[in-house]
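Structural characterization, general
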Amino acid sequence: MSSRFCQNCGCTEIDIDQARGDAVCTGCGSVLEDNIIVSEVQFVESSGGASSAVGQFVSLDGPGKAPSLGTGFHTTLGKESRAQTLQNGRRQIYHLGNQLQLNQHCLDTAFNFFKMAVCKHLTRGRKMNHVIAACLYLVCRTEGTPHMLLDLSDLLQVNVYVLGKTFLLLARELCINAPAIDPCLYIPRFAHMLEFGDKSHEVSMTALRLLQRMKRDWMHTGRRPSGLCGAALLVAARMHEFRRTVKEIIKVVKVVNLQFVKGLQNLKKHLQANSQLMNL
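Residues numbered from 1 in each chain as written. Predicted model: local features only at pLDDT ≥ 70, side-chain atom pairs only at ≥ 80, totals over all residues. Heavy atoms only, no water.

A look at the sheet that holds strand S2 (residues 22-25)
- Across the sheet, which stays open at both edges, the 3 strands sit in the order S1-S2-S3 with antiparallel pairing between neighbours. In this open sheet, the two strands that pair with only one neighbour each are strand S1 (14-17) and strand S3 (31-33). Recorded for the sheet is a direction-independent mean angle of 30° between the axes of neighbouring strands.
- In this structure, S1 lies alongside S2, joined through 4 bridges in antiparallel fashion. Pairing of Ile-14 across the sheet is with Cys-25, part of S2. (Pairing = 2+ DSSP bridges. Helix = DSSP H or I, 4+ residues; strand = E, 2+ residues; numbered from the N terminus. Axes fitted to C-alpha atoms, helices over the stretch in contact; angles between N-to-C directions.)

Encoded structure:
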């Protein structure tokens, strides 16, 4: 019995059953509490003489250590499998996101995507780092950060097409519309890697104007954004008297030589055609 009273009938005779985890009013039969979580820890002795704790440890979503009952006891209070998965996922997301220099908002959003993937059982049969990389790239696409899937592929040493397949699966199953990549996002990053010095801003602005012109004429449709950035930066570098070779540009933007040369030829033809139209 308990000294509490029932809010329905006012009866003070409350039957609390620790085994069932409920509290019932003996006067009106109302269930006052259900699934009571108690803080007591009970121990039982096994046939081998070892002591073990009875029950299950209930923890929050956040990181934390498993409960310790001392070296003399064997505890069965380990975290649930899903809680462990979320904790490991959060740790890996923060570790990988910090290498990409993502802000706290992006990291939290990526972890929310990961929790959604765990709830929909999208992590089953897939490697954890593949799912985490896909969640981070999903954030990069939705937040418009200048990161490529190749960056995650280089960090994890995983085939980029494997990560792309996981990314497309998560975007489809989680019903997240990942916007198309704007090539202009990568121009400042690639310009910094090409080391233009004090004229880095001027070269970047010239390359951005070239990209805007290509977008107005639908030249960016069906082409990789990094390849377009490479072609625009090469032309902009030559305009500002920087001798950057095609090999140096390809090393930075990470595209195939044939695709880059083809895109450069298309840009050259387009600029020549516009110049002829201006002279008419």
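Here we look at unusual backbone geometry
- The backbone phi angle of Glu-195 is positive, close to 60°, even though this residue is not glycine.
- Secondary-structure assignment places Glu-195 in the loop between helix H6 (187-193) and helix H7 (200-216).
- You can call Glu-195 exposed: its relative accessible area is 63%.
- If you check the backbone angles, Glu-241 has positive phi at about 65° while not being a glycine.
- Note on placement: Glu-241 falls in the loop between helix H8 (225-239) and helix H9 (246-253). (Buried < 20%, exposed > 50% of the residue type's maximum accessible area, 1.4 Å probe, protein only.)

Some thoughts on the pairing of S2
- Sheet topology places S2 next to S3; 2 bridges connect them, and they run antiparallel. Note that in S3 the partner of Ala-23 across the bridge is Glu-33.

Looking at the nonpolar core
- Counting 34 residues, the largest nonpolar core has Ile-93, Leu-102, Phe-114, Leu-136, Leu-138, Leu-152 and Leu-170 as its most contacted members.
- Of all the secondary structure elements, the ones that give two or more residues to this core are helix H1 (81-99), helix H2 (104-119), helix H3 (128-143), helix H4 (149-156) and helix H5 (160-173).
- Excluding anything up to four places from it in sequence, Ile-93 contacts Leu-107, Ala-110, Phe-111, Phe-114, Ile-132 and Leu-136.
- Counting 25 residues, the second largest nonpolar core, distinct from the first, contains Leu-228, Ala-237, Phe-242 and Ile-249. (Core = buried A, V, L, I, M, F, W, Y, C linked by side-chain atoms within 4.5 Å. Contact = heavy atoms within 4.5 Å.)

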